[in-house]
Amino acid sequence: MRMMVTMAAGLILLTACSKRDVEDQANAEVLANYVPPFVMSRLDFGGVVERRFRRIDVNNDDKLTRNELPPRLMPRLGDIDRNKDGAISNDEWSSWMMARFDAQDANRDGSVTSDERERARELHEADLPTPADEPTANAAAVAK
């Protein structure tokens, strides 16, 4: 009889632990897919814009030419190059990127949230870079 009680208690404990393991695994899977809310201020985005310009400007001549632009931006060269000299200056690049940021800032509070970014994506806006998208800046380019 004592043996039966011990076995029953062991079975109950094993079942309880097994259920907890399943719950822990489910929680771990939920956490693994968690994407924290995104919020970026206009000031922070300005830094991202500068770093991206420096990274794309591979020859460090302070202008972006057709061969330096990412392929998805090639069709927009004419829009970005306001003075039509065939190259994009840092001022032209910054103005264009900040205008895109401002277009995503639906409530005009100076920051873009996950919801605002998603809304812009739904409206077929090109995705703006985030700090996580930017590789470590070239030390020589940053020193400029």
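Numbering of residues starts from 1 in every chain and runs along the sequence as written. The predicted nature of this model means local features are confined to residues of pLDDT at least 70 and side-chain atom pairs, given and counted, to a pLDDT of 80 or more, with totals for whole chains, interfaces and linings taken over all residues. Hydrogen atoms and water are omitted, and side-chain values are computed over all heavy atoms in the structure.

**Comments concerning the overall build of the protein**
Here is the rule: Under the DSSP-based scheme used, a helix requires at least four consecutive residues in state H or I and a strand at least two consecutive residues in state E, with every element numbered from the N terminus. Partly exposed residues are those whose accessible area sits between 20% and 50% of the maximum for their type, while under 20% is buried and over 50% is exposed, using a 1.4 Å probe and protein chains only. Only the protein chains shown count as cover for residues, and the accessible areas themselves come from Shrake-Rupley with a 1.4 Å probe.
From N to C terminus, the protein includes 6 helices and 4 strands. Ordered by position from the N terminus, the helices and strands of the protein form the series α-β-α-β-α-β-α-β-α-α. For the protein, the proportion of its 144 residues judged to be buried stands at 28%. When the accessible surface of the protein is summed, it comes to about 9800 Å², and 58% of that surface belongs to carbon and sulfur atoms.

**Observations regarding the confidence of the model for the protein**
Caution applies to low-pLDDT parts of the model: their predicted coordinates are not meant to be read in detail. For clarity, the cut-off: Values of pLDDT, the confidence the predictor places in each residue, fall between 0 and 100. In this analysis, two residues are considered to be in contact whenever any of their non-hydrogen atoms come within 4.5 Å of each other.
Averaged over every residue, the pLDDT of the protein is 79; the share at 70 or more is 72%. Least confident of the elements in the protein is helix H6 (residues 139-143), whose mean pLDDT is 44; most confident is strand E3 (residues 88-89), at 95. Segment residues 137-144: pLDDT under 50, and 8 contacts once partners within four positions in sequence are set aside and those in other chains are kept.

**Some details on the packing of aromatic side chains**
We apply this condition: The criterion for an aromatic pair is that two Phe, Tyr or Trp rings (for Trp, the six-membered ring) have centres within 6.5 Å, with stacked assigned to planes under 30 degrees apart, edge-to-face to planes over 60 apart and tilted to the rest.
Tallied over the full model, the rule gives 2 aromatic pairs. A centroid spacing of 5.0 Å and a plane angle of 25 degrees characterise the contact between phenylalanine 45 and phenylalanine 101, whose relative ring orientation is stacked. Taken together, the residues phenylalanine 45 in helix H2 (residues 42-56) and phenylalanine 101 in helix H4 (residues 90-104) connect sequence positions 56 residues apart. Comparing phenylalanine 45 with phenylalanine 101, the two get one shared label, buried. Measuring from centroid to centroid gives 6.1 Å for tryptophan 93 and tryptophan 96, while their planes differ by 40 degrees, and the two rings are tilted.

**Things to note about the nonpolar core**
Where we set the bar: Here, nonpolar core means buried Ala, Val, Leu, Ile, Met, Phe, Trp, Tyr and Cys residues that are tied together by side-chain atoms lying within 4.5 Å of each other.
Membership of the largest hydrophobic core comes to 19 residues, with the highest contact counts inside it found for Phe45, Leu64, Ile88 and Trp93. Looking at this core, the elements with two or more residues in it are H2, helix H3 (77-80) and H4.

**Here's the deal with the pattern of salt bridges**
For clarity, the threshold we go by: Definition used for salt bridges: Asp or Glu carboxyl oxygen within 4 Å of a side-chain nitrogen of Lys or Arg.
Across all of its chains, the model carries 4 salt bridges by this definition. Across the pair arginine 54 and glutamate 50 runs a salt bridge, and its minimum N-O distance is 2.9 Å. Of this pair, arginine 54 and glutamate 50 both sit in helix H2, 4 residues apart, which is roughly one turn of that helix. Among the residues examined, arginine 54 registers a relative accessible area of 15% and is labelled buried. Judged by its relative accessible area of 30%, glutamate 50 falls in the partly exposed class. With a closest N to O distance of 2.3 Å, arginine 54 and aspartate 62 form a salt bridge. The network of salt bridges with shared partners includes Glu50, Arg54 and Asp62.

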